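Geometric and topological summary
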Amino acid sequence: MNMTTSRAAWLTVAAVASSIIGCRKPEPVSPDSEGTFGPSPSSSQSLVVTRLRSGPESFTYSSSITESRRVVIRDDAAWRTAWAEMWARTGPSVPPLPAIDFSRDMIILAALGQRNSGGYSITIDSASRATSGAIVWVSKPTPGKCGTLAALTQPVDLARVPKVDGNVDFREREAVSPGCM
């Protein structure tokens, strides 16, 4: 291998590594009392959000839900229906349905809708009580100018939240993943 070929190979490896490292999802945040985004709320009005996937990624990037959707699931029948729809294209290997105690919790489902490449994500960041029910904050990072997977994706996130009667309003934050501007 000559010096020019070696240098080109090294530059290619460095470019790929920097695009992978640079396409991290931003840290979850939620709006403060004025509606601007900052650190997660710490007031007594906050609701505990337990995402069904640990880590900063969406629950899945390959679902059967191809349109943007925000859903509050409050009972077993609706949960079974949503789970079956989410995995409809996976064939016989559907993951087991997570058990949820709907007498005390509800499930929040946030689907981004189909995208033409990887690098798009959706996560349920936080929730708080509101006069009429609850507010749930959702982040939707985009890949910016990062290199991405050339495949159709359908990101979905799921979270368990304490049961709240009334309306659930969704607030969204769009962002470009750090390093992808």
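Residues numbered from 1 in each chain as written. Predicted model: local features only at pLDDT ≥ 70, side-chain atom pairs only at ≥ 80, totals over all residues. Heavy atoms only, no water.

Now for the side chain of Arg70. Examined against the element boundaries, Arg70 turns out to sit in strand E5 (residues 69-73). For Arg70, the side chain forms a polar contact with the side chain of Ser68, separated by 3.2 Å. One polar contact links the side chain of Arg70 to the main-chain carbonyl oxygen of Ala111, over a distance of 2.6 Å. Apart from residues lying up to four places away in sequence, Arg70 is in contact with Leu109, Ala110, Ala111, Ile122, Val138, Lys140, Phe170 and Glu172. (Helix = DSSP H or I, 4+ residues; strand = E, 2+ residues; numbered from the N terminus. Polar contact = N/O pair within 3.5 Å; in protein donor to acceptor, adjacent residues only side chain to side chain. Contact = heavy atoms within 4.5 Å.)

So, about the environment of Pro155. Relative to the elements of secondary structure, Pro155 occurs in the loop between strand E8 (133-142) and strand E9 (156-162). The class of Pro155 is buried, set by a relative accessible area of 0%. Along the primary structure Pro155 and Phe59 are separated by 96 residues, whereas in three dimensions their C-alpha atoms are 7.5 Å apart. Pro155 has contacts with Ser58, Thr60, Tyr61, Ala110, Ala111, Leu112, Gly113, Tyr120, Ser121 and Ile122, leaving out every residue within four places of it along the chain. (Buried < 20%, exposed > 50% of the residue type's maximum accessible area, 1.4 Å probe, protein only.)

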